[in-house]
Amino acid sequence: MDEPLVERMRAYGETVFAEMSRLAAETGAINLGQGFPDTDGPRPLIEAAAGRIRDGVNQYPPGPGRPELRTAVAADRAERFGLEYDPAGEVYITVGATAGIAASVLATVEPGDEVVLFEPMYDSYAAVVSLAGGVRRPVPLRPGPDGRFTFDPAELRAAVGPRTRMVVVNSPHNPTGTVLTRAELEEIAAVCREHDLIALTDEVYEHLLFDGAEHVPLAALPGMRERTIAVSSVGKTFSVTAWKTGWVMGPAPLVRAVQTVNQFLTFSANGALQLAVAEAITGEREWVRGQRDALQAKRDRLSEGLDRAGFGVLRPQGTYFVMADVRPLGFEDGLELARALPHSAGVACVPAQVLYDRVEEGRHLVRFAFCKRDEVLDDAAGRLVRAFAS
């Protein structure tokens, strides 16, 4: 039999995250590649979920999601950003943010439509645009003198053409850690308004901001609420990445389009977890603030270790990740180093180049996750220092 996989997906095999996690397991290396914490979220959240399961909340929840969670999400958005969403038709619960993003693209992008994305990009974006038959138009994020990644507005405008349908915006940004400023978002909003584009925003790291950085939802800018599908989730906020509970917010016609597609993909998410999350959104705010502060300290801890080892460290403003330049160590290819590092230093990372369409933009970069216990970060840093600085 010929290759059964459809042609548009043949470029996608094992994800780099799976490859690096597998290498870490095979070599006994410390896994700083995949972005998952090695500690649990708030105990009351976990106990609440377990209690709901024991109480019998084990069957399909309503297709759009439990009303308790949709109401909590809408109330939180209104309180923090002044964005009013009707829980009945403008908030929709999905199996994690990844499912919400996939359904959003599949629901709104026709074959041949162009999608503007900022690279490096979370790997599911490229795959789902291909699934939809869309065409990617990447805009690079590059580090400035201060190490902060940003884009050139002229390059953004040049990426937009007559077939452009959507702009995908991820802030706080994985993998660079950039938090887009209001001025940067205004540039994106102006392009969306001028060309009548849909904006899809991935905001899963919205609470994990460092050094006083501010998260501004693109939908909060003038003329953007009516054209923005906003996606977020519980996994990163509460350190429960396996729960895969997310949500889509937007005007009713766009949310209805997403639901029309997603009902035939995953249909619904775990109802017991939804109820627990609904309570935690308001009940665990102090825990979230403490987690944010702890992650900022972990960022600093790992960054200092990478600097001692000789990497060029690019300081993030948010997320779980720090990007590092391998050229000061005498390497040019981050993928080559990432595949060798578990064997040579006992540490796994992710090569950034696989998150670019234009590989040369990120060939020299790797990404390390710092959402780990302090002793794990110290051990990893010590291994890297011994491997490169001795």
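Residues numbered from 1 in each chain as written. Predicted model: local features only at pLDDT ≥ 70, side-chain atom pairs only at ≥ 80, totals over all residues. Heavy atoms only, no water.

Remarks on the sheet that holds strand β11 (residues 312–314)
Adjacent strands of a sheet form backbone hydrogen bonds with each other and so pair up, either parallel or antiparallel.
No. 1: The strand order across the open sheet built from four strands is β11-β12-β15-β14, with neighbouring strands paired in antiparallel fashion. Here the strands that pair on one side only, and so sit at the sheet edges, are β11 and β14 (350–351).
No. 2: The pairing of β14 with strand β15 (residues 365–369) spans two bridges and is antiparallel. Bridge assignment links Pro 351 to a residue of β15, and that residue is Val 366. (Pairing = 2+ DSSP bridges. Helix = DSSP H or I, 4+ residues; strand = E, 2+ residues; numbered from the N terminus.)

So, the UniProt feature "domain: Aminotransferase class I/classII large" (unreviewed entry) in the chain
No. 1: The UniProt entry lists residues 29–383 under the feature "domain: Aminotransferase class I/classII large" (unreviewed entry), expressed in the numbering used here.
No. 2: Overall, residues 29–383 shows 39% helix and 17% strand. The separation of its end C-alpha atoms is 10 Å. (UniProt positions renumbered as here; feature names shortened; annotations may be inferred.)

Digging into the side chain of His 215
No. 1: Along the polypeptide, His 215 turns up in the loop between β8 (198–202) and β9 (228–233).
No. 2: Classification of His 215 by relative accessible area gives buried; the value is 6%.
No. 3: A polar contact of 2.8 Å, which involves the side chain of His 215, links it to the side chain of Glu 203.
No. 4: Excluding its chain neighbours within four sequence positions, the residues that come into contact with His 215 are Phe 81, Ser 171, Pro 172, Glu 203, Glu 206 and Leu 209. (Buried < 20%, exposed > 50% of the residue type's maximum accessible area, 1.4 Å probe, protein only. Polar contact = N/O pair within 3.5 Å; in protein donor to acceptor, adjacent residues only side chain to side chain. Contact = heavy atoms within 4.5 Å.)

With respect to the sheet that holds strand β2 (residues 91–94)
No. 1: Read from one edge of the open sheet, seven strands run β2-β10-β9-β8-β7-β3-β4, paired in mixed fashion. The open sheet has two edge strands with one neighbour each: β2 and β4 (135–140). Ignoring which end each strand starts from, the neighbouring axes of this sheet average 20° apart.
No. 2: Strand direction decides the pairing type here: β8 and β9, joined by four bridges, are parallel. Considered in β9, the bridge of Asp 202 is made with Val 231.
No. 3: Strand contacts of helix α7 (residues 182–195): β3 (114–119), β7 (164–170) and β8, with the helix running at about 165° to β7, the strand carrying the most contacts.
No. 4: Taken strand by strand, helix α8 (residues 252–262) contacts β2, β8, β9 and β10 (246–249), and its axis lies near 25° from that of β2. (Axes fitted to C-alpha atoms, helices over the stretch in contact; angles between N-to-C directions.)

Description of the state of the cysteines
No. 1: Under the defined criterion, the tally for this structure stands at zero disulfides.
No. 2: Free cysteine Cys 349: the closest other cysteine sulfur is in Cys 371, separated by 14 Å. (Disulfide = S-S within 2.5 Å.)

Describing helix α3 (residues 67–81)
One full turn of an α-helix is made of 3.6 residues, so residues set three or four places apart face in the same direction.
No. 1: The first and last C-alpha atoms of α3 sit 21 Å apart over 15 residues, in line with the 21 Å expected at 1.5 Å per residue.
No. 2: For α3, the complete set of buried residues consists of Leu 69, Arg 70, Ala 72, Val 73, Ala 74, Asp 76, Arg 77 and Phe 81.
No. 3: Packing partners of the buried residues in α3 comprise β2, β9, β10, α9 (271–283) and α10 (285–309).
No. 4: The first or second residue beyond α3 is Gly 82, which carries a positive phi of 70°. (Expected span 1.5 Å × (residues − 1).)

As for the packing of aromatic side chains
Geometry of an aromatic ring pair is reported as the spacing of the ring centres plus the angle between the planes.
No. 1: For the structure shown, the criterion picks out 12 aromatic pairs.
No. 2: Considering the side-chain rings of Tyr 122 and Tyr 125, the 5.8 Å spacing of their centres and the 80° angle between planes classify their relative orientation as edge-to-face.
No. 3: Relative accessible area serves as the criterion here: at 4%, Tyr 125 is assigned to the buried category.
No. 4: Between Tyr 205 and Phe 321, the ring centres sit 6.1 Å apart and the planes meet at 75°, which makes this aromatic pair edge-to-face. Placement of the pair is Tyr 205 in the loop between β8 and β9 and Phe 321 in strand β12 (residues 321–325), with a sequence separation of 116 residues.
No. 5: According to the relative accessible area criterion, Tyr 205 is buried, its value standing at 3%.
No. 6: Residue classification places Phe 321 among the buried positions, given a relative accessible area of 2%.
No. 7: An aromatic cluster is built from Phe 311, Phe 331, Phe 368 and Phe 388, whose rings are joined through pairwise contacts.
No. 8: Cation over ring: Arg 367 sits above Phe 321, and NZ or CZ is 3.5 Å from the ring centre.
No. 9: Its end group placed over the ring of Phe 36, Lys 372 keeps NZ or CZ at 3.8 Å from the ring centre. (Phe/Tyr/Trp six-rings, centres within 6.5 Å; stacked < 30°, edge-to-face > 60°. Lys NZ or Arg CZ within 6 Å of the ring centre and 35° of its normal.)

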